[in-house]
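Now for the letters of each chain:
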Number of protein chains: 2
Amino acid sequence: MAQAGTGTGLQLRSMARKDGILELSLVSVPTPEPKPEEVIVRVDGSPINPSDQGLLLAGADMTTAKASGTADHPMVTASIPPASMKAIAGRLDQSMPVGNEGAGVVVQAGASPAAQALMGKTVAILGGAMYSQYRCIKAVQCLVLPPGTTPAEGASCFATPLTALGMVATMRSEGHPALVHTAAASNLGQMLNKICNKDGIGLVNIVRKPEHVALLKQLGATHVCNSASPTFMDDLTEALAATGATVAFDAIGGGTLAGQILTAMEAVANRTAKEYSRYGSTTHKQVYIYGGLDRGPTRFSRTFGMAWGIGGWLLTAFLQKIGVEAAQKLRERVAAEIKTTFASTYTKEVSLAGALDLGEIAVYARQATGEKYLITPNR
Amino acid sequence: MAQAGTGTGLQLRSMARKDGILELSLVSVPTPEPKPEEVIVRVDGSPINPSDQGLLLAGADMTTAKASGTADHPMVTASIPPASMKAIAGRLDQSMPVGNEGAGVVVQAGASPAAQALMGKTVAILGGAMYSQYRCIKAVQCLVLPPGTTPAEGASCFATPLTALGMVATMRSEGHPALVHTAAASNLGQMLNKICNKDGIGLVNIVRKPEHVALLKQLGATHVCNSASPTFMDDLTEALAATGATVAFDAIGGGTLAGQILTAMEAVANRTAKEYSRYGSTTHKQVYIYGGLDRGPTRFSRTFGMAWGIGGWLLTAFLQKIGVEAAQKLRERVAAEIKTTFASTYTKEVSLAGALDLGEIAVYARQATGEKYLITPNR
């Protein structure tokens, strides 16, 4: 049943050198012969998520990027600011494959029945090194997509949908009645609106531009607050009061927004307080920072009592915490609703070489809201 | 068995007026006739804890304090900065009694056997309004002190000892192997050293002055780091590595210290990491802010991966969480070791009128490490 060996394939690599230079390149790697439990997936689509960019760009200043190499084997170099070097000490001088997730067709399968059953199927996969033409992976790691799903449609089955579902699950497991999301016009934010509308969950969207308010309202969002508006704190407080949201998921990280959210939550909690307490309300208010669109420091004045928390939130840690079975249920929901709730849209498709084009890098490295690239390694 | 009624007694009051003026005064209040389950305690000692000063001073700028009134009924007024007014909106124009805890002798008792059993006993009490000559309180709220304990020795049975024990209990219940404490030369910090030495728990002390390093070393502390030293981050990292501490309790709140602690914890966690992860270590690192010696904003750069949290920690919330029985066990340990592990020292004793002396206010409002006042309302 196994198709003939695929030989070699191109793979995108990122190397942060000890001398402070980032090197992006394409290398030819041999496609391994799959072990009995493994399959070879021809990767037909893999998104450039915000979560990929840290590994890909290593904190380099991409305005310093220079192109070299050939059309088939392009190379890009850029300077890594000294401030970024400490955070990447563990990866220096290692040529690292990139790309958390993708989708494609199983073109070769190991001898086991589980692997053989996947031959020819379109599957979504997670596990790194997806910016490659061929990816060898265990059969159990493949999520079979419903018939009629294209690899482009299935390429973003994990990071964004599972993060959105993970936020809702975290909200529920910690007993919060509703949630807040920042940078809410993002792909993830739009998906979260679809989930919350479908499941009847209160959601407060925070965006930074008037056009994003309009976009989300059009998608059916009830509460959208613009943090650039002079009435932001009042708007936010009313939306929190209307929904009861006491947990927020923040993609921005830097600046004062996390503290502002806690302050508004505390104002709502104190509306129903029966007597004054100098320690503030007893309602626990939580902000989870899951992204770093603003890489600057986080700053807050502690004007929200004592019952509060700010912390990191990471999808992989969440999935480990809920266990294999619960995680599998979330994945199956994604596959079942991949063309509706969890549909992703891409502003551009590029080849592996295209992902190393200086013009394209300048666009996707900006991480502008709503802009999302899909790499199509075999086109 | 009930002693003759005590008539009236002086009580210290704090009122934050709508016009932005703080008024501190002494008023004469009638001592109530105790109900069957209640007793009247003659308050012989009540500390001025950091946790009392928020209610007492209402965020006023005490450099603007002015004295008026008479020697027996002094009054102090001071301006409350506009920035503080929002946080105290719930208490404006209310004359509030102050003083979280104290100790004294039961001088009158209600008819119930539980109340009668306390007649003449020296007890420690918690519940507010302790800056009073007499305090009516339920018998079950009285912690009977071991024979031979003076009210001054028992005056600080709750806030400081239970906070120190609560930190250790929180550390254990969240699975951290050891803990960090800031402003560690405080009364609380010294107590925490005694507990950790006795119970064999790893403790990293952070102080801000060389003389506080010496003080804690003399008390038997193993790890003391001076945040004002140029080698602070290295010293802290080594102390964290030696103890394995992954939780910190921070009395300071403002500034960069919380983030520095997380950064050092992450550096230790990454020493044993097997491979590079751009999301940082999987070790959860936690800072609890329980005080506000620096009222300024908290600032941190997120250079410690994704497995971290910063949050408020409040003794009353902790005690509620562990439940009545577990809390009672902690109280009994405090009573049993009140002359050793939980001994408090005071730098000055003042009367109720003395607590309103401008010179004394200037000293205790400074909240200098190691300085602690005891109010003796009946001297």
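Residues numbered from 1 in each chain as written. Chains lettered and ligands numbered in written order. Predicted model: local features only at pLDDT ≥ 70, side-chain atom pairs only at ≥ 80, totals over all residues. Heavy atoms only, no water.

Asks: Before we go on, may I ask you to explain the interface of chain A and chain B in this structure?
Replies: When the parts of a complex come together, some accessible area is lost, and that lost area is often taken as the interface size. On the chain B side, the residues contacting the 36 residues of chain A number 36 residues. In total, chain A and chain B occlude about 2600 Å² of area from one another, counting both sides; carbon and sulfur atoms represent 61% of this. Broken down residue by residue, the surface that chain A buries against chain B is led by Y276(A), R302(A) and M306(A), which jointly contribute 27%. Here chain A and chain B share zero salt bridges between them. (Contact = heavy atoms within 4.5 Å. Buried area = accessible area lost by both parts, 1.4 Å probe. Salt bridge = Lys/Arg side-chain N within 4 Å of Asp/Glu carboxyl O.)

Asks: Would you take a moment to explain the relation of the copies chain A and chain B for this structure?
Replies: Here the two chain copies are tied together by a rotation about an axis and a shift along that axis. Laying chain A over chain B is done by rotating through 180 degrees and shifting 0.0 Å along the axis; what remains is an RMSD of 0.0 Å. A rotation of that kind, with that shift, is consistent with a two-fold axis. Within chain A, the C-alpha atom positioned nearest to the axis of rotation is that of R299(A), 2.2 Å from it. A shared binding surface is used by both copies, with 100% of the interface residues of chain A retained as interface residues in chain B. (Least-squares fit on C-alpha atoms with pLDDT ≥ 70 in both.)

Asks: Help me understand the environment of Q190(B), please; the structure alone is not making it clear to me.
Replies: Residue and element names in this part refer to chain B. With respect to the helices, strands and loops of the structure, Q190 is situated in helix 6 (residues 187-199). Its relative accessible area of 21% is what places Q190 among the partly exposed residues. Residues Q190 and I80 lie 110 residues apart in sequence; the distance between their C-alpha atoms is 33 Å. Not counting residues up to four positions away in its chain, the partners in contact with Q190 are A184, A185, L215, L216 and L219. (Helix = DSSP H or I, 4+ residues; strand = E, 2+ residues; numbered from the N terminus. Buried < 20%, exposed > 50% of the residue type's maximum accessible area, 1.4 Å probe, protein only.)

Asks: Even after reading the chapter, I still don't get the side chain of S25(B), so can you show me in this structure?
Replies: Turning to its location among the elements, S25(B) is positioned in strand 2 (residues 21-30). Apart from the residues lying within four places of it in its own chain, the contact partners of S25(B) are Q11(B), L12(B), R13(B), P74(B), M75(B) and L356(B).

Asks: Would you take a moment to explain the sheet that holds strand 17 (residues 294-300) of chain A for this structure?
Replies: The strands that make up a sheet are held in pairs by hydrogen bonds between backbone atoms, and each pair lies either parallel or antiparallel. In spatial order, the strands read 15(A)-17(A)-17(B)-15(B); together these four strands make up an open sheet with mixed pairing. The open sheet terminates on both sides in strands that have one partner only, identified here as strand 15 (253-255) of chain A together with strand 15 (253-255) of chain B. When the angles between neighbouring strand axes are averaged without regard to direction, this sheet yields 50 degrees. As defined by bridge partners, strand 17 of chain A adjoins strand 17 (residues 294-300) of chain B across three bridges and the pair is classed as antiparallel. Looking at strand 17 of chain B, one finds that R299(A) is bridged to R299(B). (Pairing = 2+ DSSP bridges. Axes fitted to C-alpha atoms, helices over the stretch in contact; angles between N-to-C directions.)

Asks: So what exactly am I meant to see when it comes to the environment of L215(B) here?
Replies: Residue and element names in this part refer to chain B. Within the secondary structure, L215 is located in helix 7 (residues 210-218). On the accessibility criterion, L215 (30% relative accessible area) is partly exposed. Measuring from C-alpha to C-alpha, the distance between L215 and M62 comes to 30 Å, with 153 residues separating the pair along the chain. L215 has contacts with A185 and Q190, leaving out every residue within four places of it along the chain.

Asks: I would appreciate a short explanation of the sheet that holds strand 14 (residues 247-250) of chain B in the present structure.
Replies: In space, the 12 strands of this open sheet follow the order 13(A)-12(A)-11(A)-14(A)-16(A)-18(A)-18(B)-16(B)-14(B)-11(B)-12(B)-13(B), with mixed pairing throughout. Here the strands that pair on one side only, and so sit at the sheet edges, are strand 13 (223-226) of chain A together with strand 13 (223-226) of chain B. Here the strands of the sheet are splayed against their neighbours by 15 degrees on average, with no regard to which way each runs. In terms of strand pairing, strand 14 (residues 247-250) of chain A meets strand 16 (residues 285-289) of chain A through four bridges, oriented parallel. Note on strand 16 of chain A: the bridge partner recorded for F249(A) is Y288(A). Contacts from helix 7 of chain B reach strand 12 (202-207) and strand 13 of chain B, with the element oriented near 175 degrees to strand 13 of chain B. Helix-sheet contacts for helix 9 (residues 257-271) of chain B involve strand 11 (178-182), strand 12, strand 14, strand 16 (285-289) and strand 18 (308-312) of chain B, and the interaxial angle to strand 16 of chain B is about 160 degrees.

Asks: Help me out: how do you make sense of the nonpolar core in this one?
Replies: Among soluble globular proteins, nonpolar side chains are generally buried collectively. Counting 128 residues, the largest nonpolar core has L179(A) and L179(B) as the members making the most contacts within it. In this structure L179(A) touches M167(A), M171(A), L192(A), C196(A), I201(A), G202(A), L203(A), V204(A), A245(A), V247(A) and F249(A), once residues within four positions along its chain are discounted. With 31 residues, the next largest nonpolar core counts L55(A), A65(A), L92(A) and Y373(A) among its residues. (Core = buried A, V, L, I, M, F, W, Y, C linked by side-chain atoms within 4.5 Å.)

Asks: How do you make sense of the packing of helix 10 (residues 315-322) of chain A against helix 11 (residues 324-336) of chain A when you look at a structure like this?
Replies: All names here are of chain A. Axis separation between helix 10 and helix 11 bottoms out at 6 Å; the angle between their running directions is 120 degrees. Classified by the angle between their axes, helix 10 and helix 11 sit oblique to one another. Between helix 10 and helix 11, the contacting residues are F318, L319 and I322 on the first element and A326, A327, L330 and R331 on the second. Tallied by class, the residues present in the contact of helix 10 with helix 11 amount to six nonpolar, no polar and one charged. (Parallel < 35°, antiparallel > 145°, perpendicular 65-115°, else oblique. Nonpolar A, V, L, I, M, F, W, Y, C, P; charged D, E, K, R; others polar.)

Asks: Explain helix 7 (residues 210-218) of chain A here, please?
Replies: Residues separated by three or four positions in an α-helix point in the same direction, a consequence of the helix having 3.6 residues per turn. Residue and element names in this part refer to chain A. Listed as buried for helix 7 are H212, V213 and L216. Buried residues of helix 7 fall within an arc of 105 degrees about the axis and therefore sit on the same side. Those residues of helix 7 that are exposed and aimed more than 90 degrees away from the buried face are P210 and Q218. Check the buried side of helix 7 and you find it contacts helix 6 (187-199), strand 12 (202-207) and strand 13. Positive backbone phi, at 100 degrees, marks G220, one or two positions downstream of helix 7. (Arc of directions from axis to C-beta.)

Everything listed here is a matter of coordinates, which is why it stays silent on function.
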